[in-house]
Amino acid sequence: MGSKQYKVTIVGTGNIGGAIARGLTQGTVIEPSNITCTDRSQALLDKIQAFNPAVHVSHDNIEAVRGAEIVIIAVKPWMVESVIDEIKTTLDYDTQVVVSIAAGVTFEQLTAYLTKRSGMNRSTPPIFRVIPNTAIEVRSSMTFVSACDASQEQTELILSIFNELGNALLVDERLMTAGTALASSGIAFALRYIRAAIEGGVELGFYPQEAQEIVVHTVKGAVDLLLNNKSNPEQEIDRVTTPGGITIRGLNEMELSGFTSSVIRGLKASK
Ligand SMILES: NC(=O)c1ccc[n+]([C@@H]2O[C@H](COP(=O)([O-])OP(=O)(O)OC[C@H]3O[C@@H](n4cnc5c(N)ncnc54)[C@H](OP(=O)(O)O)[C@@H]3O)[C@@H](O)[C@H]2O)c1
């Protein structure tokens with residue numbers, strides 16, 4: 001599988017399906033005119049076409065999946081089975097891969113929904129599970145990809161698609177739940193730190209808007225340091241903590257209140 005000429009159909013153009021479609025139209029892997037979006041809501045289809053008129057839209061899932069090499073199912077988890085039932089006979093497992101975005105729907109379930117039986121023969125397509133986070137909206141998602149019966153070429157294609165929408169990591173399915181806690185719920189945890197720091201900033205004397213600007217850019221700076229220097233947090237912390245200084249006093253006070261253990265406990269509770 002090379003690039004550019006692949007057709008993608010996204011079934012369900014809500015929060016995540018819509019964000020994927022918008023992100024892909026701004027990327028280089030898939031041509032906007034090779035993207036088809038379906039939904040029950042005309043308003044959502046109008047929205048994606050207003051964003052990029054080259055994208056095809058449809059209410060007809062069966063027609064929309066015909067000829068697409070990549071079929072992305074982006075409906076709520078409890079709707080996945082009925083969507084697959086609807087499109088299954090049209091899908092060609094020799095030429096199409098199925099990508100499920102639905103949280104918590106396992107390969108075992110997807111395989112059961114997708115299996116076609118003909119006499120003694122059973123067939124299933126290459127299947128991917130993908131768990132993005134809400135930053136997919138701004139093409140900055142930490143996305144987990146897991147593959148079942150897929151070739152390396154197909155896996156690389158799916159990774160390249162989701163790398164255009166942030167950072168994609170290939171993991172075993174057994175790590176999808178942990179990944180969801182660390183990255184999907186994790187975005188809420190990072191935001192809660194930001195909110196707490198803003199509240200602290202107001203107590204220190206800044207207006208809320210100023211405090212938010214300060215905290216957001218401070219966090220962005222911390223992330224940029226880690227990404228650019230390829231360092232670990234402790235190395236960067238060491239550079240700020242003068243012995244006997246105010247930063248280490250602040251950090252130790254936070255730890256006394258259970259900062260690290262709260263984060264770890266929260267992550268484990270989210271799993
Ligand atoms: N939101 C997140 O942060 C997040 C993160 C990771 C994974 N996910 C997963 O992403 C999936 C989608 O979540 P979402 O938040 O994007 O949901 P959503 O906003 O409700 O989007 C799903 C869309 O699919 C439409 N739909 C339902 N049945 C359909 C059908 N048969 N054919 C075509 N379209 C259909 C829905 O229409 P109706 O409203 O009329 O039903 C809705 O517009 C979920 O499985 C979720 O687990 C979400």
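About the cut-offs
Position numbers for residues count from 1 along each chain, tracking the sequence in the order it is written. Predicted model: local features are reported for residues with pLDDT of at least 70 only, side-chain atom pairs are reported and counted for 80 or more only, and whole-chain, interface and lining totals are derived from all residues. The side-chain numbers reported here are obtained from all heavy atoms of the structure, hydrogens and water having been left aside. Note: domain ranges come from an automatic or database domain assignment. Partly exposed describes any residue whose relative accessible area lies between the buried limit of under 20% and the exposed limit of over 50%, with all areas from a 1.4 Å probe on protein chains only and scaled to the type maximum. Working definition: helices are DSSP H or I runs of at least four residues, strands are E runs of at least two. Numbering for both runs from the N terminus. Strand pairing is defined by DSSP finding a minimum of two bridges between the two strands. By convention in this text, a residue qualifies as near a molecule or strand provided that one of its non-hydrogen atoms is within 4 Å of it. Under the rule applied, a polar contact is a pair of N or O atoms within 3.5 Å (in protein, one hydrogen donor and one hydrogen acceptor; residues adjacent in sequence only if both atoms are side-chain atoms). Each accessible area is a Shrake-Rupley estimate made with a 1.4 Å probe; only the visible protein chains count as cover when residues are assessed. Here a residue-residue contact requires only that any non-hydrogen atoms of the pair lie within 4.5 Å. Here the aromatic set is Phe, Tyr and Trp, taking the six-membered ring for Trp, and pairing holds for ring centres within 6.5 Å; pairs whose planes are under 30 degrees apart are stacked, those over 60 apart are edge-to-face, and all others are tilted. A ring is considered to have a charge above it if a Lys NZ or an Arg CZ atom is located within 6 Å of its centre and within 35 degrees of its normal.

Chemist: What am I meant to see in the domain arrangement of the protein here?
Modeler: When the parts of a complex come together, some accessible area is lost, and that lost area is often used as the size of the interface. Here the protein is partitioned into domain 1 (8-172) and domain 2 (186-269). On a C-alpha basis, the centroid separation for the pair domain 1 and domain 2 is 36 Å.

Chemist: For this particular structure, what's the right way to read the pairing of strand 9 (residues 141-148)?
Modeler: Here is the key point about a regular strand: its side chains alternate between the two faces of the sheet. In terms of residue burial, strand 9 counts as a mostly covered element, since six of its eight residues are buried. Inspection of the sheet shows strand 8 (residues 127-131) paired to strand 9 by five bridges, in the antiparallel sense. Looking at the pairing, Arg-129 lines up with Ser-146 of strand 9. Relative to strand 10 (residues 166-170), strand 9 runs parallel, the two being bridged by five bridges. Its bridge partner lying in strand 10, Val-145 is registered against Leu-170.

Chemist: Explain the site of the ligand to me, please; I cannot follow it from the model alone.
Modeler: As a structural note, the neighbourhood of the ligand is formed by 21 residues, with Ile-16, Asp-39, Arg-40, Asn-61 and Val-75 the closest of them. Between an oxygen atom of the ligand and a side-chain N or O atom of Asp-39, the distance comes to 2.8 Å. Here an oxygen atom of the ligand and a backbone polar atom of Pro-77 are 3.4 Å apart. Relative to its unbound accessible surface of 890 Å², the ligand loses 78% to contact with the protein.

Chemist: I would appreciate a short explanation of unusual backbone geometry in the present structure.
Modeler: Its identity as a non-glycine residue notwithstanding, Arg-139 has a phi of 55 degrees, on the positive side. If you trace the backbone, Arg-139 turns up in the loop between strand 8 and strand 9. Since its relative accessible area comes to 31%, Arg-139 is described here as partly exposed.

Chemist: Whenever I open this one, the side chain of Ser-58 confuses me. Can you help?
Modeler: Relative to the elements of secondary structure, Ser-58 occurs in strand 3 (residues 56-58). Here Asp-60 takes part through its backbone nitrogen, which lies 2.8 Å from a polar atom of the side chain of Ser-58. Setting aside residues up to four positions removed in sequence, Ser-58 forms contacts with Cys-37, Thr-38, Asp-39, Leu-45 and Ala-64.

Chemist: Explain the environment of Ala-103 to me, please; I cannot follow it from the model alone.
Modeler: Mapped onto the secondary structure, Ala-103 falls in the loop between strand 5 (97-100) and helix 5 (107-114). Judged by its relative accessible area of 46%, Ala-103 is partly exposed. When the C-alpha atoms of Ala-103 and Ala-74 are compared, they prove to be 9.8 Å apart, with 29 residues separating the residues in sequence. The residues touching Ala-103, leaving out its near neighbours within four places in the chain, are Pro-77 and Ile-131.

Chemist: Can you help me understand the packing of aromatic side chains in this one?
Modeler: In this description, an aromatic ring pair is defined by two values, namely the gap between the centres and the angle between the planes. Under the definition given, this model contains one aromatic pair. Measuring from centroid to centroid gives 6.5 Å for Tyr-193 and Phe-259, while their planes differ by 80 degrees, and the two rings are edge-to-face. Taken together, the residues Tyr-193 in helix 8 (residues 186-203) and Phe-259 in helix 12 (residues 259-270) connect sequence positions 66 residues apart. The class for Tyr-193 is partly exposed, based on a relative accessible area of 39%. Taking the relative accessible area as the measure of exposure, Phe-259 reaches 37% and is therefore partly exposed. One residue, Lys-116, lies across the ring of Tyr-93, its end atom 4.4 Å from the ring centre.

Chemist: What's the story with the side chain of Thr-38 in this structure? I'm lost.
Modeler: Its location among the elements puts Thr-38 in strand 2 (residues 35-38). On the basis of relative accessible area, Thr-38 is assigned to the buried category, the value being 1%. Setting aside chain neighbours within four positions, we find Thr-38 in contact with Thr-9, Ile-10, Val-11, Gly-12, Thr-13, Leu-45, Ser-58, Asp-60, Asn-61 and Ala-64.

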